[in-house]
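What follows is the residue order along each chain.
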Amino acid sequence: MTDRYQQFAGSPVGRQVIRRLGLPNPVPLRRYEPGQPLLNGPALVGAAPAGRLAETVAGILRKADADVRTATDLPAGTDEAPTRPPRYGALIFDATGITEPARLRELHDFFQPVIRSLTNSARVLVLGTPPDRTGSVDERVAQRALEGFTRSVGKELKRGATVQLGYVAPGAEPNLESTLRFLLSAKSAYVSGQVVTVSETAQPAPAPESWATPLAGQVALVTGAARGIGAAIATVLARDGAHVICVDVPAQGADLSALANRIGGAALQLDITGDHAGDRIAEHARTRHDGLDIVVHNAGITRDKTLANMDAAKWDAVLAVNLASQLRINEVLLGGNVLRAGGRLIGVSSIAGISGNVGQTNYAASKAGVIGMVQALAPTMTERGGTINAVAPGFIETKMTAAVPLFVREAGRRMNGMAQGGLPLDVAETIAWFANPASTGVNGTVLRVCGQSLLGA
């Protein structure tokens, strides 16, 4: 779907109009292409005294061939002739050493001199300790304060830059690499203002043989795969090395087969609301692949009406597809050990499930239920050495949003820090990060892919 306003903003006349009137400026985002460098400029890494992550971060970045610099590398100038800092592709600050509110000043001291020195689509990342894993009241308060700081910085950044907060539990340092690579790369183009917690695990997260194909040898299943976000998910998982079983209703059979052929996967025509849908998936996975490693519950529908005008059929249809079917399928796959040890369950929620939406009481209830499913099953997946997480997309450019009335559509596009809609690819990249075997330390997380939408929490 063409964003004509963004095209206008990129024209010489448009740039002048936007600058003079202070209108939203949706610059093109840097998105991942195979072979591109992790960052589009050097990474400046800083740390509060006694921080425990800076060396780990620098080591991971150097392993990824990034240009790593520290505060001692900053160019020196004089009061009469100050030296401009270089333009950075990333600013990363280890705040784990901040143990009391007074020391939050260290955030200002690190970021303020360099925050204007970012490249387009740069990355800002603050790393802290989960507040519930701190040793004192003062430290818990200080670490919780990092959330307000990062969310506010995200609303100040321009030119496609993003900011995230990563809470890394003590002992979880070996599990950090996958999350660091995702949050700093172009794969997180439409993710900003988010909080990710990396936890310790019984065994350190295994590094893939190749970060280019981290899902090599794995079998993934994606529901609602025939088009839109589902097709993007299947394509990205296949790009990352997985064999993908593409599931959709028989009415979408032609598109489903075309997709499966294009990515070298398999097509399974199936109504997931059927009584025996879970059994059919289990039989297919067992007989052809001896199980599954990744299950992505993407299938979803809308039947929008205000509650006063919504009949029971619309309510039931949305809850059946978007939520009840997932619970039944999970029960079969987990109960029969079809999902292998270390497997990944991944749901697709929505910002509507967090903030609500007019005319979508059924849809919002189902998507909030997906969040409940993630929270309820996270301990079970921990016991199995696996994970369950979900994405919560905001305004994504699809055929569904193309049908939204013009002014509603434009509001959805502009009411976020990026001043534009996301792409199905943005959702797919986040799901591929959850699916990565090296992401074992991320469990029970619901991550918004919304460009830091102004709606919701």
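Quick caveat: nothing in here was measured; it's all calculated off a predicted structure.

Things to note about the overall build of the protein chain
Step number 1: A count of helices and strands for the protein chain gives 15 helices and 13 strands.
Step number 2: Here the C-alpha atoms of the protein chain give a radius of gyration of 22 Å, agreeing with the 23 Å that 2.2 N^0.38 yields for 457 residues.
Step number 3: Its C-alpha atoms give the protein chain principal-axis dimensions of roughly 75 × 55 × 45 Å.
Step number 4: A total of 457 residues make up the protein chain; the buried ones form 53% of that total.
Step number 5: Within the protein chain, residue pairs in contact and separated by at least 24 positions form 75% of the contacts whose partners lie at least 6 positions apart.
Step number 6: Put simply, the protein chain shows about 19700 Å² of open surface, and 54% of that area lies on carbon and sulfur atoms.
Step number 7: Counting 44 positive and 39 negative side-chain charges, the protein chain places the centres of these two groups 8 Å from one another.

A word on the nonpolar core
Step number 1: Membership of the largest hydrophobic core comes to 68 residues, with the highest contact counts inside it found for L61, I92, L237, V244 and C246.
Step number 2: The leading source of residues in this core is helix α7 (residues 228-239), at 8 residues.
Step number 3: Apart from the residues lying within four places of it in its own chain, the contact partners of C246 are V222, A225, A234, L256, L259, A260, I263, A266, A267 and L268.
Step number 4: Residues V219, L268, A299 and M381 belong to the second largest nonpolar core, which totals 31 residues.

Focus: the packing of helix α10 (residues 312-335) against helix α12 (residues 361-383)
To describe two helices that pack against each other, one gives the angle between their axes and the distance between the axes.
Step number 1: Orientation of α10 relative to α12, taken along the N-to-C sense of each, is 15°, at an axis distance of 8 Å. On the basis of their axis angle, the class for α10 and α12 is roughly parallel. In the crossing of α10 with α12, the sense of the turn from one axis to the other is right-handed. Touching K314, W315, V318, L319, N322, L323, Q326, L327, N330 and L334 of α10 are T361, N362, Y363, A365, S366, K367, G369, V370, M373, L377 and M381, all from α12.
Step number 2: Class assignment for the residues of the contact of α10 with α12 results in 12 nonpolar, 7 polar and 2 charged.

Quick notes on the sheet that holds strand β5 (residues 162-168)
Step number 1: Within the open sheet, the 6 strands sit side by side as β2-β1-β3-β4-β5-β6. Their pairing is parallel. Across the chains shown, the open sheet's two edge strands, defined by having one partner strand only, are β2 (68-70) and β6 (194-198). The average angle at which neighbouring strand axes cross in this sheet is 20°, direction not considered.
Step number 2: Two elements, strand β3 (residues 88-94) and strand β4 (residues 118-128), share 6 bridges in a ladder whose sense is parallel. Bridge pairing links L91 to V124 in β4.

Some remarks on the pairing of β5
Step number 1: Most of β5 is tucked away, with 7 of its 7 residues classed as buried.
Step number 2: Of the two faces of β5, the one carrying T162, Q164, G166 and V168 and the one carrying V163, L165 and Y167 are both buried.
Step number 3: Viewed along the sheet, the connection from β4 through helix α5 (residues 137-156) into β5 turns out right-handed.
Step number 4: As paired elements, β5 and β6 share 5 bridges and run parallel to each other. Paired with Q164 across the strands is Q194, a residue of β6.
Step number 5: Taking the sense of rotation as the criterion, the β-α-β connection linking β5, helix α6 (residues 177-184) and β6 turns out left-handed.

What about unusual backbone geometry?
Step number 1: The phi angle at A50 is positive, at roughly 75°, despite the residue not being glycine.
Step number 2: Turning to its location among the elements, A50 is positioned in the loop between β1 (43-47) and α3 (54-63).
Step number 3: Taking relative accessible area as the criterion, A50 reaches 74% and is therefore assigned exposed.
Step number 4: The phi dihedral of D290 is positive, around 60°, even though this residue is not glycine.
Step number 5: Here D290 is to be found in the loop between α9 (277-289) and β10 (292-297).

Points about the packing of aromatic side chains
Step number 1: Across all of its chains, the model carries 6 aromatic pairs by this definition.
Step number 2: Considering the side-chain rings of F182 and W433, the 4.6 Å spacing of their centres and the 5° angle between planes classify their relative orientation as stacked. Remark: W433 occurs in helix α15 (residues 424-435) and F182 occurs in helix α6; sequence separation between them is 251 residues.
Step number 3: Under the relative-accessibility criterion, F182 is labelled buried at 4%.

Topic: the pattern of salt bridges
Step number 1: Here the structure, examined in full by the defined rule, presents 15 salt bridges.
Step number 2: A salt bridge links D426 to R31, with the nearest nitrogen and oxygen atoms 2.9 Å apart. Pair noted here: D426 is in helix α15 and R31 is in the loop between α2 (12-21) and β1, with a separation of 395 residues, a long-range link. R31 shares its class with D426; the two are buried.

Overview of the side chain of N362
Step number 1: Following the sequence through the fold, N362 ends up in helix α12.
Step number 2: Residues within four places of N362 in sequence aside, it is in contact with R303, M310, K314, W315, V318 and L319.

What to know about the environment of A205
Step number 1: When you line up the elements, A205 lands in the loop between β6 and β7 (219-223).
Step number 2: Accessibility expressed as a relative area gives 14% for A205, which makes it buried.
Step number 3: In the structure, A205 is positioned 67 residues away from D138 in sequence and 31 Å away in space, judged by C-alpha atoms.
Step number 4: In this structure A205 touches P174, N175, P437, A438 and T440, once residues within four positions along its chain are discounted.

Some thoughts on a nonpolar patch on the surface
Step number 1: Taken together, the side chains of M415, L454 and L455 present a nonpolar region at the surface, about 260 Å² in accessible area.
Step number 2: As for its placement among the helices and strands, M415 is situated in the loop between α14 (406-414) and α15.

Points about the sheet that holds strand β8 (residues 243-248)
Step number 1: Spatial ordering of the open sheet is given by β9-β8-β7-β10-β11-β12-β13, a layout of 7 strands whose pairing is parallel. Since the sheet does not close on itself, it has two edges, and those belong to β9 (266-269) and β13 (446-449), each with one partner. Mean inter-strand twist for the sheet, computed between neighbouring axes without regard to direction, equals 20°.
Step number 2: The pairing of strand β11 (residues 339-348) with strand β12 (residues 387-393) spans 5 bridges and is parallel.

Criteria and cut-off values
Residues numbered from 1 in each chain as written. Predicted model: local features only at pLDDT ≥ 70, side-chain atom pairs only at ≥ 80, totals over all residues. Heavy atoms only, no water. Helix = DSSP H or I, 4+ residues; strand = E, 2+ residues; numbered from the N terminus. Rg over C-alpha atoms; globule rule 2.2 N^0.38 Å. Buried < 20%, exposed > 50% of the residue type's maximum accessible area, 1.4 Å probe, protein only. Contact = heavy atoms within 4.5 Å. Areas by Shrake-Rupley, 256 points an atom, 1.4 Å probe, with all protein chains shown as cover. Lys, Arg positive; Asp, Glu negative; His and termini not counted. Charge placed at Lys NZ, Arg CZ, Asp CG, Glu CD. Core = buried A, V, L, I, M, F, W, Y, C linked by side-chain atoms within 4.5 Å. Axes fitted to C-alpha atoms, helices over the stretch in contact; angles between N-to-C directions. Parallel < 35°, antiparallel > 145°, perpendicular 65-115°, else oblique. Left-handed = near helix turned anticlockwise from the far one by under 90°. Nonpolar A, V, L, I, M, F, W, Y, C, P; charged D, E, K, R; others polar. Pairing = 2+ DSSP bridges. Right-handed = clockwise from strand over helix to strand, strands pointing away. Phe/Tyr/Trp six-rings, centres within 6.5 Å; stacked < 30°, edge-to-face > 60°. Salt bridge = Lys/Arg side-chain N within 4 Å of Asp/Glu carboxyl O. Patch = residues over 30% accessible without salt bridge, like charges linked within 9 Å, V, L, I, M, F, W, Y side chains within 5 Å.

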